[in-house]
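Below are the chains, spelled out letter by letter.
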Amino acid sequence: MDVETTEWAPDWAVAPGEILAELLAERDLSQSELARRMGRPIKTINEIIKGKAAITPETAIQLELTLNVPSSFWTNLETRYRSSIARKKALDAFDSHKSWAERFPIKDLVRNGLLRPTYERGELVAAILGYFGVATTEAWGARWSTLPTSYRRSAAFEPSKEATAAWLRWGEILAGHVETEPFDAAELSQALNEARSMTRKADFALTLQRVQALLAGAGVALVCVPEFAGIHVSGATRWLSADKAIIQLSMRHRSDDHFWFSLFHEGGHALDPTRNDFVDEFDDTSEDAAEVVADLFARDILVPPSDYAVFVESSNLGLDAVREFAKQINVAPGLVVGRLQHDGHLAPNKLNSLKQPIKWQVR
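Residues numbered from 1 in each chain as written. Predicted model: local features only at pLDDT ≥ 70, side-chain atom pairs only at ≥ 80, totals over all residues. Heavy atoms only, no water.

## Points about the pattern of salt bridges
When the charged atoms of two side chains with opposite charge come close together, those side chains can pair. In this structure the tally under the stated criterion is 15 salt bridges. Arg121 is the partner of Asp95 in a salt bridge, and the nearest nitrogen-oxygen pair spans 2.9 Å. Taken as a pair, Asp95 in the loop between helix H5 (71-94) and helix H6 (98-101) and Arg121 in the loop between helix H7 (106-111) and helix H8 (123-132) lie far apart in primary sequence, 26 residues in all. A residue is classified by how much of its surface remains accessible, and Arg121, at 51% relative accessible area, is exposed. In the salt-bridge network here, residues are joined through shared partners; they are Lys88, Asp92, Asp95 and Arg121. (Salt bridge = Lys/Arg side-chain N within 4 Å of Asp/Glu carboxyl O. Helix = DSSP H or I, 4+ residues; strand = E, 2+ residues; numbered from the N terminus. Buried < 20%, exposed > 50% of the residue type's maximum accessible area, 1.4 Å probe, protein only.)

Dropping the structure here:
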């Protein structure tokens, strides 16, 4: 999916004074003659030609009257030229931050169409700043150097702060194009309950669209964004405003049981009245209270505890029995398998054929 990004590159522009000098030469007019006709000091004309003085709107009108060249031509030329100078100056300053820009997952950003493949001096820094919607590296630090208040991650893996921020930013950009109703916790609870019955649908792409529509009606933008190198993230829940939340999933495991559990786990975070932001890596077991609550919410809404207890006590955990139990509680069989494996009732390599692979596009 193409994502709108801001490309920031210097414009080529010629100095207005050069054009004016060429025009005077063509018409065989001297600077002193032009100054006389305009009623201006010759020094002013000379400074304009040398680029030391700008062509003001008043000067542009005088040039129109004396040379029969529209004033808009001169003002536009001046604007482009001054802008070009300012951009070049900014790019020269940006070049000193090149090492900062190179800490970001450039290959992933390019591969997903978020950045161009190549950049000249200073342009990479400008492109990164434009991607994040900030004007300076200091502004980026103020906005992004601190990750969300709850960051569930593995103690064995230290994620890249820059890669995580870039991944979260992509989700923001996509969510910005999703129209949602004002957030309503009761509506979200109902939407998640409706989504639960959709776990058995065969057409995942269509199901995902329907779930996204359900959540949008409750004030939540659901977006799916592949993870970048340097992070091991499964999902995130963040607040874009008081009326709009975003659930962002990486789909890193590409199976239906992981997708649905991640979705409902993040849904649990969205229902948390504290409205904190969360970034989650489900490869790790966290004792954080908010994470435990979200885990229990996802676990129990997908596979009701009372039904699950009776099924486990039956000791019949074969393929057909799991299929029938999943049908009875109206969820995908892969979710039951994942629960049994997590609780140690099934080995990690058992009944994985009931887990369905998922195919998706960035949305």
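## Observations regarding the packing of aromatic side chains
Applying the stated criterion across every chain yields a total of 14 aromatic pairs. Ring plane angle 80 degrees and centroid distance 5.1 Å describe the contact between Phe73 and Trp74, whose orientation is recorded as edge-to-face. Given a relative accessible area of 36%, Phe73 falls into the partly exposed group. Seen in terms of ring centroids, Phe132 and Trp140 are 5.8 Å apart; in terms of plane orientation they differ by 85 degrees. Their pairing is edge-to-face. Accessibility assignment for this pair places Phe132 and Trp140 in one class, buried. Clustering of aromatic rings is evident, with ring pairs tying together Trp100, Phe104, Tyr131, Phe132, Trp140 and Trp144. (Phe/Tyr/Trp six-rings, centres within 6.5 Å; stacked < 30°, edge-to-face > 60°.)

## Considerations on the environment of Leu222
For Leu222, the position within the fold is in strand E2 (residues 220-224). Residues Leu222 and Ala245 lie 23 residues apart in sequence; the distance between their C-alpha atoms is 8.7 Å.

## What about empty space enclosed by the protein?
Summary: where empty space remains is shown by rolling a probe the size of a single water molecule over the atoms. Applying the stated rule across the entire model yields one cavity of 30 Å³ or more. Here the largest cavity is characterised by a volume of approximately 80 Å³. The element that contributes the greatest number of residues to the lining of the largest cavity is helix H13 (residues 256-270), accounting for three residues. (1 Å grid on protein atoms, 1.4 Å probe; cavity = no way out; pocket = protein on both sides within 12 Å on 5 of 7 lines; lining within 4 Å. Points joined across faces, edges and corners; volume = space filled by probe spheres on them.)

## Observations concerning the layout of surface pockets
By volume, the second largest pocket is sized at about 230 Å³. Residue composition of the lining of the second largest pocket, grouped by class: nine nonpolar, three polar and three charged. (Nonpolar A, V, L, I, M, F, W, Y, C, P; charged D, E, K, R; others polar.)

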